[in-house]
Every structure is written in C-alpha cells, then in structure tokens.
Amino acid sequence: MLEVVQLEKKYKQTFAVQGVNMFLEKGEIVGLLGPNGAGKSTTISMLSSLVVPTAGDVKLLNESIIKNPRNIREILGVVPQEIALYPDLSAEENLRFFGEIYRLKGANLKKRINEVLEQIGLTDRRKDIVKTFSGGMKRRLNIGVALLHNPEMIIMDEPTVGIDPQSRNYILETVKKLNQERGLTVLYTSHYMEEVEFLCDRIYIMDKGSIIASGTKDELKNILSSENTISIKVERVKEEFINLLQADPTIRQVKAEEHGVTIIVPKEYNLFKKISQMAEEAETNLISIDVKSPTLEDVFLHLTGRALRDN
Ligand code: ADP
Ligand code: MG
C-alpha cells in the first residue's frame, strides 16, 4: 500500500528525518513509536505531502506521491497531531465543512456524516458546539474528519495525547474496529508503547530521525537478551532461601525485595520445580512465581540506553 524509500528532511544543518525506509501492506496496523522529537510528525507530514522531503521517495500504491501528490487525497486520511477544528461550529457543521473540502456533496455527504458520527461515538452530540467538547471528544471529531471521505488508509499522529483514559480506550477500540471490519490500513504514531503494543501488527521504532528497529512485537522483544526476569513472591523473605538461590549456578542474579526475590535466568531454563524445592528446604511459603516478559519500553531502553518517556 505504502512504501517509503530513504526519506530525509533536513532543517538548516540538522536532520529531522534521515534514511527512513518503511512499508505498509494493505489491511495492516503499523506503529511508529518514538520519543518526542524523534521525527515522527516530520515523517508523517512528508507521507501526506504537507512537507517536501530533502531526499527520498514515498510511493502510494506504487506511485510516487512526491512527483504526483494529487492522487493521495482520495486514498489517504490524515489525523494531525494538532487539533484542526472550528471551535464555534457544531460537530456536524465541522464535518460538513471538511466534507465539502473533500468534494463530498448532498445525500452522500449527509450519509457519511451520519456514519462517521456513529463511528466516533458523537451522534448524540452532533448539534453541540465544538468549544464545549472535552479534549477527548475533539480528538474523536478530528479523527472523524479524516474518515469522512472513506479513505483506504489513515495516518494518525499521536491521537491520544492529553486526553482522559476513557476517550483513549474509545479511540483505540475504534481504530481496531475500523481495521477489522473495513480493512482500513493504519499508520499509528505514538510515544506510548502500550498503545502500539495493543494495536499494531508491526512496529517501527524511531529515534533521532532514524528507524532504529522494526518488526513484529515478538521480533522486537527478541532483540533483548536471552534472559528472563522471574519475580518470586513469598510470605516472608528468609536469608536461607536467598542463599540457596545464590548458590545455584544457573541463576545469574538474585535481588531480595520486601515481599520476595527477583532473579534472572537464561530464557530456556525452567526452574519452577527447583524454586519450590528451595522454598520448601528454607521453610518459606511461596505466594507466586511470575515470569516478567519484556515490554517495548525495555526494547527501547536496551537500544538507546534511555527511557521512551524521559523527555
Ligand atoms: P516528533 O513528532 O517525533 O516529536 P518532530 O518530527 O516533530 O518529532 O521533530 C523532529 C525534529 O525536527 C525535532 O528536533 C524538531 O525540533 C525538528 N523540527 C521539526 N519541524 C521543524 C521545522 N519546521 N523547522 C526546524 N526544525 C524542525
Ligand atoms: Mg510529533
């Protein structure tokens, strides 16, 4: 559906985006994950032909949109990071206004407005003026504008920043539903790894203008070392139990905590039985043994040495 080749954007001496290669298959939800300032919005602006790249190409259905930007309008819907709505108009009036820009008319426009209001859950607020809306409702209407002309693909730039958890969940569920029911292709940009993890089939991780890793969730998590972190909860942490764990050569790290012990072991090594034997020997009552699986946050930390949300 979309292919990005060696995309680059330079502002004066600095690269906002450098050597970015990406693709999206039809019907995929692809995540673009990265901290603030990574170059996500600049990339998206080039994909939607709002910003002209310094170098590289963007192909939509095998046709360069850099050379021929006119065709993308019909196929692509873009939800910008900044809300672009008229605060003094109602939800419905906003949709009508933007629909007309997309050259929708008459009965078709009316039908699309009704469908979109239903999709974004604002049917009962259609007559209300946008400036009375919560942040989450404005975000939803912003998404509705991008869906009006029934695009095959939608690009969303951090659509959940600064809104309440309920609206956030609503947006995530809506995106998932549109993808599953209508086969909508989605490029979802965020610095929240949980959202990307929940929604996306494949993920590109971006930092300082470049893609530093890409793949499915599992592939990305496999970048992490071949170790598992196991959290053992016990009724009372006894020294004898700690000593037994420390004496085991396959256990790489033992860290005593208030209500238990965290250990690090090789991934393929299953030592549930051993742990219970040690607990019995040390007369320690086990409450739980949990393998903590790595998150995309851990992957980012591993690749860059920084947390996603430092900045
Ligand atoms: P993100 O969306 O991931 O937070 P941006 O694409 O907005 O990142 O920004 C990437 C980098 O490019 C930042 O360092 C930003 O300051 C810079 N940048 C973005 N737009 C411009 C511009 N119009 N002029 C100069 N620098 C810019
Ligand atoms: Mg941005």
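For the structure given in this document, a descriptive report is provided here. For clarity, every value in this text was computed on a predicted model and none was experimentally measured.

1. Re the overall build of the protein
Right, so step 1: Of the regular secondary structure elements, the protein holds eleven helices and 14 strands.
Right, so step 2: In terms of its C-alpha atoms, the protein occupies a principal-axis envelope of roughly 80 × 45 × 35 Å.
Right, so step 3: Contacts in the protein between residues far apart in sequence, at least 24 positions, make up 70% of those at least 6 positions apart.
Right, so step 4: Computed over 41 positive and 44 negative side-chain charges, the inter-centroid distance for the protein is 8 Å.

2. Overview of the sheet that holds strand β6 (residues 76-79)
Right, so step 1: Strand order across the open sheet formed by six strands is β6-β7-β8-β3-β9-β10, with mixed pairing between neighbours. Strands with a single pairing partner mark the edges of an open sheet, and in this sheet they are β6 and β10 (210-216). Across the sheet, the axes of successive neighbouring strands diverge by a mean angle of 15 degrees, strand direction being ignored.
Right, so step 2: The sheet contact formed by strand β3 (residues 29-33) and strand β9 (residues 202-207) spans four bridges and is parallel. Looking at the pairing, Leu33 lines up with Ile205 of β9.
Right, so step 3: Packed onto the sheet, helix α1 (residues 40-47) meets β3, β6, β7 (153-157), β8 (185-190) and β9 and runs at close to 150 degrees relative to β7.
Right, so step 4: The sheet strands contacting helix α11 (residues 296-304) are β3, β9 and β10, and the helix crosses β9 at an angle near 40 degrees.

3. A short note on the pairing of β10
Right, so step 1: With six bridges connecting them, β9 and β10 associate as antiparallel partners. If you follow Ile205 over to β10, its bridge partner there is Ala213.
Right, so step 2: The turn linking β9 back onto β10 is made up of two residues, and Lys208 within it adopts a positive phi angle of 50 degrees.

4. Overview of the coordination of the magnesium ion (ligand 2)
Right, so step 1: The protein atoms that coordinate the magnesium ion (ligand 2) are Ser41 (OG) and Gln81 (OE1), at distances of 2.1 to 2.3 Å. Taken together, the positions of Ser41 in helix α1 and Gln81 in the loop between β6 and α3 (91-101) put the pair 40 residues apart, joining distant regions of the chain.
Right, so step 2: The exposure class assigned to Ser41 is partly exposed, which follows from its relative accessible area of 25%.

5. Things to note about the site of ligand 1
Right, so step 1: Every residue close to ligand 1 is listed here: Tyr11, Ala16, Pro35, Asn36, Gly37, Ala38, Gly39, Lys40, Ser41 and Thr42.
Right, so step 2: Contact distances for ligand 1 include 2.8 Å between an oxygen atom and a side-chain N or O atom of Lys40.
Right, so step 3: Between ligand 1 and the protein, one listed contact pairs an oxygen atom with a side-chain N or O atom of Thr42 at 2.6 Å.
Right, so step 4: For ligand 1, whose free accessible area comes to 560 Å², the fraction covered by protein is 55%.
Right, so step 5: It is α1 that contributes the most residues to the shell around ligand 1, three residues altogether.
Right, so step 6: The residue inventory of the shell around ligand 1, partitioned by class, reads four nonpolar, five polar and one charged.

6. A short note on helix α9 (residues 239-247)
Right, so step 1: Residues Phe241, Ile242 and Leu245 constitute the buried set of α9. Considered in projection along α9, the buried side chains sweep an arc of 100 degrees and stay on one side of the axis. Within α9, the exposed residues directed more than 90 degrees away from the buried face are Glu239 and Ala247.
Right, so step 2: Against the buried residues of α9 lie β11 (227-234), β12 (253-257), β13 (260-266), α10 (272-281) and β14 (286-292).

7. Things to note about unusual backbone geometry
Right, so step 1: Backbone geometry at Lys12 places phi at a positive 50 degrees, although glycine is not the residue there.
Right, so step 2: Relative to the elements of secondary structure, Lys12 occurs in the loop between β1 (2-11) and β2 (14-24).
Right, so step 3: Lys12 gets classed as exposed once you look at its relative accessible area, which sits at 79%.
Right, so step 4: Unusually for a residue other than glycine, Arg103 sits at a positive phi of about 65 degrees.

8. Thoughts on the packing of α9 against α10
Right, so step 1: Across the interface, α9 lies against α10 with an axial gap of 9 Å and an inter-helix angle of 145 degrees. Here α9 and α10 pass one another in a crossing that is right-handed. Counting all contacts with α9, which are made through Glu240, Phe241, Leu244 and Leu245, the residues of α10 involved are Ile275, Met278, Ala279 and Glu281.
Right, so step 2: Within the contact of α9 with α10, the residues separate by chemical class into six nonpolar, no polar and two charged.

9. Description of the side chain of Asn142
Right, so step 1: Among the secondary structure elements, Asn142 is positioned in helix α5 (residues 135-147).
Right, so step 2: Excluding its chain neighbours within four sequence positions, the residues that come into contact with Asn142 are Val79, Pro80, Glu82, Ile83, Ala84 and Leu85.

10. Here we look at the sheet that holds strand β5 (residues 63-64)
Right, so step 1: The sheet built from four strands is open, its strands ordered β2-β1-β4-β5 with antiparallel pairing. Single-partner strands in this sheet number two, and they are β2 and β5.
Right, so step 2: Alignment of strand β4 (residues 55-60) against β5, held across two bridges, turns out to be antiparallel. Counted as the bridge partner of Lys59 is Ser64 from β5.
Right, so step 3: Running over the sheet, α1 touches β1, β2 and β4 and is turned about 120 degrees from β1.

Rules of the game
Residues numbered from 1 in each chain as written. Chains lettered and ligands numbered in written order. Predicted model: local features only at pLDDT ≥ 70, side-chain atom pairs only at ≥ 80, totals over all residues. Heavy atoms only, no water. Helix = DSSP H or I, 4+ residues; strand = E, 2+ residues; numbered from the N terminus. Contact = heavy atoms within 4.5 Å. Lys, Arg positive; Asp, Glu negative; His and termini not counted. Charge placed at Lys NZ, Arg CZ, Asp CG, Glu CD. Pairing = 2+ DSSP bridges. Axes fitted to C-alpha atoms, helices over the stretch in contact; angles between N-to-C directions. Donors = N, O, S within 2.8 Å, 3.2 Å for Na, K, Ca; no water. Buried < 20%, exposed > 50% of the residue type's maximum accessible area, 1.4 Å probe, protein only. Near = heavy atom within 4 Å. Polar contact = N/O pair within 3.5 Å; in protein donor to acceptor, adjacent residues only side chain to side chain. Areas by Shrake-Rupley, 256 points an atom, 1.4 Å probe, with all protein chains shown as cover. Nonpolar A, V, L, I, M, F, W, Y, C, P; charged D, E, K, R; others polar. Arc of directions from axis to C-beta. Left-handed = near helix turned anticlockwise from the far one by under 90°.

In short, geometric facts, not functional conclusions.
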